[in-house]
Amino acid sequence: MTIPNDVLSGMLAQMARSHLSAIRVRLDDFDDMLCTAILIEAARVIDYENVLMGSSEDESHHLPYPAFDIMSRGWNLLLYYALPRLPKTVGIPIQESTATTRSHARSLLHAFGKCAILQKAADMSLHGFLTGSESEGGLSLKFTVGDDSDHFLDQLEAEALERAMNGDADSMPISSLTAAEVNDLTASLVFPFETGRGTMVGYDADPRLDAHFINLIGQRALEWRAEAGIHPDVQANDLNGADVAAVVMMLASFYLKHIWFVGVGNKRLSGINYCMSLTIWKRPDELVESISTFTGIDVVRVENAFRAIVVTRRDAEYFGAEPTPFMPMLLEISNGYWLAPVSSIFRNPFTAIRMLNEFRNPATAQSMRKPREQWMISELYALFEGSRYQVVELPTRLKRDGKLVTDIDAAVLDMTTGELGLFQLKWQDFGSNQLRTIRSKAKNFVERVSLWADQVEAWIDQFGEGELCRALQLKLPKGAVPTSVKMFAIGRSGARFASYGFALKNEHIAACNWKQFVRLRYEVGPSERVLSEIYRRVFAERSRVEPRRPLPHSFEIDGKTICFEDMWSAAD
């Protein structure tokens with residue numbers, strides 16, 4: 001029998017609260033030093049599982065994705081509990097990582113993760129995205145949105161763009177070292193590092209390897225920064241966009257290099273504790289000096305950048321409020337030591353850094369938004385370079401009787417075909433997994449874009465296309481008007497929200513996210529009618545269905561079996 005959504009939501013939320021309370025009571029019996037050791041071991045587990053999933057194509061070696069996701073979601077709640085209990089002492093507890101200690105840490109992460117998943121399910125049920133029924137011994141939960149989830153398509157666009165760009169020599173990182181040379185050089189530098197609590201992989205430095213891994217990560221770091229919306233000119237408290245980008249790129253290259261060294265050392269040396277070797281710690285003063293020397297950035301500026309990046313005990317409230325998993329690049333584990341989880345580079349670290357700093361100081365969000373419109377306009381126009389296209393450098397205001405009607409963020413005129421593209425650009429932040437926040441931003445996007453299209457159409461109907469060209473300050477032959485006018489709405493992260501209950505009302509606007517638009521521009525190339533073809537394909541892809549394969553999963557909680565039929569899925 002199906003359970004009413006509000007009742008189901010209340011049941012799941014109560015289960016989450018009850019289970020979370022029981023975990024915290026159990027952990028309250030541990031002293032602060034043991035809590036610190038547990039936190040370090042939990043970071044090792046997450047590092048290990050991320051590296052394994054990222055490096056091994058044999059899925060039989062991976063955790064099933066639902067179990068991996070639950071474990072990952074437990075990290076935030078563990079930090080929320082453990083951060084205030086970190087000792088204010090100098091030093092770090094060195095404990096050997098064993099199968100037993102990792103099993104305990106994994107169980108704790110999974111226990112916290114169950115709470116996070118139950119709360120997520122409660123929110124989904126409350127908003128009508130999840131239905132539930134009683135089953136023998138528990139509950140069976142099912143996602144209400146099927147294969148036609150259009151927002152799911154938006155989430156796949158990053159991979160689609162990467163596939164479209166695959167084979168483009170200009171997009172591939174350039175390195176002076178071959179894979180074999182990297183392996184041989186790495187092997188010559190590794191040695192066993194005895195801690196008295198297990199043998200870790202140690203290694204010496206080589207500037208050729210430093211340059212190699214910086215090269216590998218450089219382009220991806222720029223893509224991460226753009227995806228997170230941190231412009232290099234941003235200055236918000238300790239967050240200077242350019243400095244944070246430089247420091248994050250350096251850290252990411254260090255971590256990628258470290259993963260490689262540990263992998264090679266684990267194969268070449270005997271008695272290595274692989275999990276223990278992956279997750280290491282740094283001395284702040286040494287790391288600051290190293291990055292300052294390498295980048296040439298002043299020490300004070302590097303220290304400021306680290307204040308924006310490093311998670312401390314003062315950030316505990318963020319992890320209690322935000323369900324989106326966040327593995328920090330650096331975690332202040334004690335006075336004078338930063339834990340350096342390598343798994344932080346398996347998600348976009350810039351997004352997490354931005355969200356953390358916006359939580360610390362809400363005014364940061366405004367500083368982040370300020371340069372974005374012009375940034376996005378510049379990126380758009382970079383797709384239409386050359387004498388074939390005429391672009392409008394500044395946003396244009398359309399007025400009626402001296403009063404503002406609406407504005408046009410960007411416009412592109414194809415001088416060959418006479419086609420005119422009008423663009424409304426929206427840079428939304430969908431970094432959070434909070435359903436209420438996502439639905440609010442989806443509603444805002446759809447309503448504003450639909451209104452914009454209606455207003456532009458009404459203005460053109462009244463004043464004509466010739467007056468539109470004059471307002472845009474386009475240079476056309478005397479008496480000439482565009483052969484057609486196409487309206488586009490581009491959302492930085494998403495644009496398809498019908499599955500959230502918000503569909504565009506204007507049928508003439510082509511709405512897509514940024515990565516989809518870039519992919520289509522790349523695929524269309526120098527065709528006869530570029531704007532018309534992109535416009536047509538946006539509409540054609542609206543009705544596309546991407547088959548998904550459910551990944552059912554269940555777990556026990558409070559004596560009940562909670563079965564998730566399709567909370568997790570994979571694209572076929």
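Given the structure is predicted, the values throughout are model-derived calculations rather than measurements.

Undergrad: What should I look at first to understand the layout of surface pockets in this one?
TA: A water-sized probe rolled over the atoms picks out the places where empty space is left. Each pocket or cavity is described by its volume, and for the second largest pocket that value is around 870 Å³. Taken together, 30 residues form the lining of the second largest pocket, with Arg369, Trp427, Gln428, Asp429 and Lys441 sitting closest to its centre. Among the elements of the structure, α13 (316–321), α14 (349–360), α15 (363–369), α16 (372–381), β15 (419–426) and α17 (435–463) are those that each provide at least two residues to the lining of the second largest pocket. Its residues assigned to classes, the lining of the second largest pocket shows nine nonpolar, eight polar and 13 charged.

Undergrad: Is there a simple way to explain unusual backbone geometry in this structure?
TA: Positive phi, close to 55°, is recorded for Asp401, a residue that is not glycine. By the secondary structure assignment, Asp401 is in the loop between β12 (396–400) and β13 (403–408). Positive phi, normally seen in glycine, also occurs at Gln473, with a value near 60°. Its location among the elements puts Gln473 in the loop between α18 (465–472) and β16 (484–491).

Undergrad: How do you make sense of the pairing of strand β20 (residues 560–564) when you look at a structure like this?
TA: The two faces of the sheet receive side chains in turn, since in a regular strand these alternate between them. The pairing of strand β3 (residues 138–143) with β20 spans four bridges and is classified as parallel. Each residue of the ladder has a partner; that of Leu139, found in β20, is Ile562. Sheet topology places strand β19 (residues 553–557) next to β20; five bridges connect them, and they run antiparallel. Looking across to β20, one finds that Phe555 is bridged to Ile562. Adjacent in sequence and paired antiparallel, β19 and β20 are bridged by two residues, among which Asp558 carries a positive phi angle near 50°.

Undergrad: Can you walk me through the sheet that holds β15 in this structure?
TA: Strand pairing in a sheet is mediated by backbone hydrogen bonds. Such pairs are either parallel or antiparallel. Spatially, the five strands line up as an open sheet ordered β11-β14-β15-β16-β17, and their pairing is mixed. Edge strands, defined here as strands with exactly one partner in the open sheet, are β11 (389–391) and β17 (509–513). Pairwise comparison of adjacent strand axes, ignoring direction, gives a mean angle of 25° for this sheet. As paired strands, β15 and β16 are joined by eight bridges and run parallel to one another. When the bridges of β16 are listed, Phe423 appears paired with Phe488. Against the sheet, α18 makes contact with β14 (410–414), β15 and β16, and its axis sits at roughly 60° relative to β15, the strand it touches most. Strand contacts of helix α19 (residues 514–524): β11, β15, β16 and β17, with the helix running at about 105° to β17, the strand carrying the most contacts.

Undergrad: Hey, could you run me through the nonpolar core in this one?
TA: Proteins that are soluble and globular tend to have nonpolar side chains buried together. Counting 85 residues, the largest nonpolar core has Leu380, Leu422, Phe423 and Phe564 as the members making the most contacts within it. Counting residues per element, this core draws most heavily on α17, at 11 residues. With residues up to four places along the chain from it excluded, the contact list for Phe423 reads Leu380, Ile408, Asp409, Ala410, Ala411, Val412, Trp452, Phe488, Ile490, Phe517 and Leu531. Core analysis: the next-biggest nonpolar cluster, separate from the first, contains 51 residues, Leu251, Tyr255, Ile259 and Ile309 among them.

Undergrad: Where do I start with α14 in this structure?
TA: Owing to its 3.6 residues per turn, the α-helix aligns residues three or four sequence positions apart on the same side. Compared with the 16 Å implied by 1.5 Å per residue over 12 residues, the 17 Å span of α14 between its first and last C-alpha is a close match. Among the 12 residues that make up α14, 10 are buried, leaving the element largely enclosed by the rest of the structure. Of the residues making up α14, those classed as buried are Pro349, Phe350, Thr351, Ala352, Ile353, Arg354, Met355, Leu356, Asn357 and Glu358. Two to three positions downstream of the cap, the backbone nitrogen of Phe350 sits 2.9 Å from a side-chain oxygen, assigning the N-cap of α14 to Asn348.

Undergrad: I would appreciate a short explanation of helix α20 (residues 530–542) in the present structure.
TA: Look at α20: 19 Å from first C-alpha to last across 13 residues, which is about the 18 Å you get at 1.5 Å a residue. For α20, the complete set of buried residues consists of Val530, Leu531, Ser532, Glu533, Ile534, Tyr535, Val538 and Glu541.

Undergrad: Sorry if this is basic, but what is going on with the packing of aromatic side chains here?
TA: When we look at a pair of aromatic rings, we describe it by the centre distance and by the angle of the planes. Scanning the entire structure with this criterion turns up 21 aromatic pairs. Measuring from centroid to centroid gives 6.2 Å for Tyr65 and Phe68, while their planes differ by 40°, and the two rings are tilted. Pair noted here: Tyr65 and Phe68 are both in helix α3 (residues 65–82), with a separation of three residues, about one helical turn. The interplanar angle of 50° and the centroid separation of 5.1 Å between the aromatic rings of Phe306 and Trp338 together place this pair among those described as tilted. Remark: Trp338 occurs in strand β10 (residues 337–340) and Phe306 occurs in helix α12 (residues 299–309); sequence separation between them is 32 residues. Among the aromatic residues, ring-to-ring pairing joins Phe384, Tyr389, Phe423, Phe488, Phe517, Tyr535 and Phe539 into one connected group. The side chain of Arg492 reaches across the aromatic face of Trp427, ending 4.0 Å from its centre.

Undergrad: What should I look at first to understand the pairing of β13 in this one?
TA: In this sheet, β13 lies alongside β12 in antiparallel orientation, the contact comprising five bridges. In the sheet register, Leu398 faces β13, and the bridge partner there is Thr406. Hairpin connection from β12 to β13: two residues lie between these consecutive antiparallel strands, with Asp401 at a positive phi of about 55°.

Undergrad: Please explain the pattern of salt bridges as it appears in this structure.
TA: Opposite charge on two side chains allows them to pair when their charged atoms are near. Summed over the entire model, instances satisfying the criterion amount to 24 salt bridges. Of the charged contacts, one joins Arg470 and Glu467 as a salt bridge, the two residues approaching to 3.1 Å between their closest N and O atoms. Here Glu467 and Arg470 lie together in helix α18, a separation of three residues that amounts to about one turn. With relative accessibility at 57%, the residue Arg470 sits in the exposed group. Since its relative accessible area comes to 30%, Glu467 is described here as partly exposed. A salt bridge links Arg537 to Glu533; the nearest nitrogen and oxygen atoms lie 2.8 Å apart.

Undergrad: Is there a simple way to think about the packing of helix α9 (residues 241–268) against α12 in this case?
TA: Between α9 and α12, the least distance of the axes is 9 Å, while the angle of their chain directions is 75°. Considering their axes alone, α9 and α12 lie roughly perpendicular with respect to each other. In this structure, α9 uses Asp243, Val244, Val247, Val248 and Leu251 to contact α12, whose residues at the interface are Arg301, Val302, Ala305, Phe306, Ala308 and Ile309. Here the contact of α9 with α12 is composed, by residue class, of nine nonpolar, no polar and two charged.

Undergrad: Help me understand the sheet that holds β19, please; the structure alone is not making it clear to me.
TA: In space, the five strands of this open sheet follow the order β1-β2-β3-β20-β19, with mixed pairing throughout. Edge positions in the sheet fall to β1 (2–3) and β19, since each of these pairs with one other strand and no more. Seen against the sheet, helix α4 (residues 99–126) touches β2 (130–135), β3, β19 and β20 and runs at an angle of roughly 110° to β19.

Undergrad: What is the right way to look at the state of the cysteines in this model?
TA: Disulfide: a covalent bond formed between the sulfur atoms of two cysteine residues. One pass over the full model with this rule turns up zero disulfides. Here Cys35 stays free of any disulfide, with the sulfur of Cys115 as its closest cysteine sulfur at 16 Å. By relative accessible area, Cys35 is classed as buried at 6%.

Reading guide: rules and limits
- Residues numbered from 1 in each chain as written.
- Predicted model: local features only at pLDDT ≥ 70, side-chain atom pairs only at ≥ 80, totals over all residues.
- Heavy atoms only, no water.
- 1 Å grid on protein atoms, 1.4 Å probe; cavity = no way out; pocket = protein on both sides within 12 Å on 5 of 7 lines; lining within 4 Å.
- Points joined across faces, edges and corners; volume = space filled by probe spheres on them.
- Helix = DSSP H or I, 4+ residues; strand = E, 2+ residues; numbered from the N terminus.
- Nonpolar A, V, L, I, M, F, W, Y, C, P; charged D, E, K, R; others polar.
- Pairing = 2+ DSSP bridges.
- Axes fitted to C-alpha atoms, helices over the stretch in contact; angles between N-to-C directions.
- Contact = heavy atoms within 4.5 Å.
- Core = buried A, V, L, I, M, F, W, Y, C linked by side-chain atoms within 4.5 Å.
- Buried < 20%, exposed > 50% of the residue type's maximum accessible area, 1.4 Å probe, protein only.
- Expected span 1.5 Å × (residues − 1).
- Polar contact = N/O pair within 3.5 Å; in protein donor to acceptor, adjacent residues only side chain to side chain.
- Phe/Tyr/Trp six-rings, centres within 6.5 Å; stacked < 30°, edge-to-face > 60°.
- Lys NZ or Arg CZ within 6 Å of the ring centre and 35° of its normal.
- Salt bridge = Lys/Arg side-chain N within 4 Å of Asp/Glu carboxyl O.
- Parallel < 35°, antiparallel > 145°, perpendicular 65-115°, else oblique.
- Disulfide = S-S within 2.5 Å.

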